[in-house]
Amino acid sequence: MSSATPRINFKYLSEFEGKTIRIVGKVGEKQGNNVILHTTDNGQVIVDRSNNLEKNYQTNNVEVLGVWNNNQLSELTFFNLSDNFDFDTHNQMIDLSMKHKEIFM
Amino acid sequence: MTNNPNENVIVRTITPLTIRQIQLSTESEGNTFKIDKEFVMNVSLVGTVIKVINGNTYTNYTIDDGTGQLKIREFKRNKQNNMIDQEEQEQEQEQEQEQEQEQEQVNEEKKKSEQIQNPFENKYVRIIGNLKAYKKQKSFSVNKIMEITDSNQITTHFLEAILVHIQRINGVTNQGQTTSQESQIKEEKIEIKKETNKNKNNNIITQQNTDQILGLALKDKALRLISSNQTSSGISLQELSKKLKSTEEEIREIVDFFLDQGQIYITIDDEHFRSTD
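Residues numbered from 1 in each chain as written. Chains lettered and ligands numbered in written order. Predicted model: local features only at pLDDT ≥ 70, side-chain atom pairs only at ≥ 80, totals over all residues. Heavy atoms only, no water.

(A) Representation of the overall build of chain A within the structure. Secondary structure assignment for chain A yields one helix and six strands. Listing every helix and strand of chain A by position from the N terminus yields β-β-β-β-β-β-α. Expressed as a percentage of the 105 residues in chain A, the buried residues total 50%. Put simply, of all contacts in chain A between residues at least 6 apart along the chain, 49% involve residues at least 24 apart. Accessible surface, chain A as shown: approximately 5,000 Å² in total, 43% of it carbon and sulfur. (Helix = DSSP H or I, 4+ residues; strand = E, 2+ residues; numbered from the N terminus. Buried < 20%, exposed > 50% of the residue type's maximum accessible area, 1.4 Å probe, protein only. Contact = heavy atoms within 4.5 Å. Areas by Shrake-Rupley, 256 points an atom, 1.4 Å probe, with all protein chains shown as cover.)

The structure is reproduced here in structure tokens:
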């Protein structure tokens, strides 16, 4: 997998324990240093923002890059996404990318 | 599209790829690469800029698209000295390679202390460029880099990359979609005849005869005229209009199209053009 940071959604998280991944979601409620991310396939991911607290999400939709461990995503960085971001299409793209891993990982 | 490496093949389409595909590509004859058994030259990528190094004549970006990381180079334009010739740039590249690590450290410190930031750093960008071999290594030269403002372009790019990949591995000859909105883009294989190869040094008469024989459309004739001009200032809009017997407006539309595709670039002013090939 080398330097790949695969784009996944909630249902594929279990395959990437301990790995650095990217996940897109709508920003939900804050719980201390954590934020709930509502993923494109209607899952909920706890994002630990302890390492990146000085930067705030600027939009409602974000892509978070972090390490998935023990049911929590430790954020390394994030990217703001536009408000018109199409969750359904992105979700289908992720499913297709998992069927064609040879060009993604 | 032929798989015969001995034919001089020019691929006009822009292929949407992932960085992983570029990493897996195999070098073919004539400085080109093959991906999914097809020749690839003009490439589009979408990813985030994670590092920027400014050189005197170029800017190096490190791009991460989630499938891997790739260093790409955008050559700068110096209007006072006209377009910096790509060969000169490659020579400068050799000289500056040793200083790159030191420059990187200086830039990091500068960035921290003065908070100077390239506008693309840590942002999603779309890149159109050329994949070439340089000293047996993959080299990606940027024709255009643009910040992505509609994030759906990220999804669209990867869907296009998947589509083209599936089409090629299933042996479909159509190379798939390009990222351009122009509906006129089609894949062509242009066979450059031996006589044209021998007379590549601005033999316009041979070029025109070859055009007549091949019966190419106005757009292709324009590109061939631009490509055949080897002067540093390139060919002018007026000269193209005269030679192709078309209005300047028609020629302007054509050159704007090729500029957007990254197949030509502006030299001394916005009425002089050279090919990026």
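Additional details are given in the paragraphs that follow.
(B) Representation of the nonpolar core. Judged by nonpolar contacts, the single largest core of 33 residues is most densely connected at I21, V45, V64 and L73 of chain A. Broken down by secondary-structure element, the contributors of at least two residues to this core are strand 2 (20–31), strand 3 (34–39), strand 4 (44–48), strand 5 (61–69), strand 6 (72–81) and helix 1 (87–99) of chain A together with helix 4 (152–169) of chain B. For I21 of chain A, the contacting residues outside a window of four places in its chain are T5, P6, I8, L13, F16, V64, L65, G66, W68 and L73 of chain A. In this structure, I22, I72, V125 and F140 of chain B belong to the second largest nonpolar core, which totals 22 residues. (Core = buried A, V, L, I, M, F, W, Y, C linked by side-chain atoms within 4.5 Å.)

(C) Structural detail: the interface of chain A and chain B. Facing 24 residues of chain A, the contacting portion of chain B comprises 25 residues. With both chains or domains summed, chain A and chain B bury close to 2,100 Å², and 58% of this area falls on carbon and sulfur atoms. Per-residue buried area on chain A facing chain B is highest for R7, I103 and F104 of chain A; these three make up 28% of the total on that side. Where chain A meets chain B, there are one salt bridge. Residue R22 of chain A is joined to D64 of chain B by a salt bridge in which the shortest nitrogen-to-oxygen separation is 3.3 Å. Counting every contact that joins chain A to chain B gives 13 residue pairs in polar contact (both at pLDDT 80 or more). Counting residues per element, the side of chain A that touches chain B draws most heavily on helix 1 of chain A, at five residues. (Buried area = accessible area lost by both parts, 1.4 Å probe. Salt bridge = Lys/Arg side-chain N within 4 Å of Asp/Glu carboxyl O. Polar contact = N/O pair within 3.5 Å; in protein donor to acceptor, adjacent residues only side chain to side chain.)

(D) Examining the sheet that holds strand 10 (residues 235–236) of chain B more closely. All names here are of chain B. Here three strands make up an open sheet; going across it, the order is 10-12-11 and the pairing antiparallel. The sheet is open, and its two edges are formed by strand 10 and strand 11 (264–266), each paired on a single side. Packed on one face of the sheet, helix 7 (residues 218–228) meets strand 10, strand 11 and strand 12 (272–275) and runs near 85° to strand 12. (Pairing = 2+ DSSP bridges. Axes fitted to C-alpha atoms, helices over the stretch in contact; angles between N-to-C directions.)

(E) Main features of the pairing of strand 3 of chain A. All names here are of chain A. Counted residue by residue, strand 3 has five buried out of six residues, so it is predominantly covered. Direction of pairing for strand 2 relative to strand 3: antiparallel, over a ladder of five bridges. Residue G25 lies in a different strand from strand 3, and its bridge partner there is T39. Between strand 2 and strand 3, which follow one another and run antiparallel, lie two residues, and G32 among them has a positive phi close to 70°. Bridging between strand 3 and strand 4 involves five bridges; their strand directions are antiparallel. Bridge pairing in strand 4 links V35 to V47. The loop that links strand 3 with its antiparallel partner strand 4 comprises four residues; one of these, N42, has a positive phi angle of about 65°.

(F) Region of the structure containing the sheet that holds strand 2 (residues 26–27) of chain B. All names here are of chain B. Spatially, three strands are ordered 2-3-4 in an open sheet, and the strand pairing comes out antiparallel. Two strands close off the open sheet at either side, each with one partner strand: strand 2 and strand 4 (38–40). The sheet contact formed by strand 3 (residues 33–35) and strand 4 spans three bridges and is antiparallel. Looking across to strand 4, one finds that K34 is bridged to F39.

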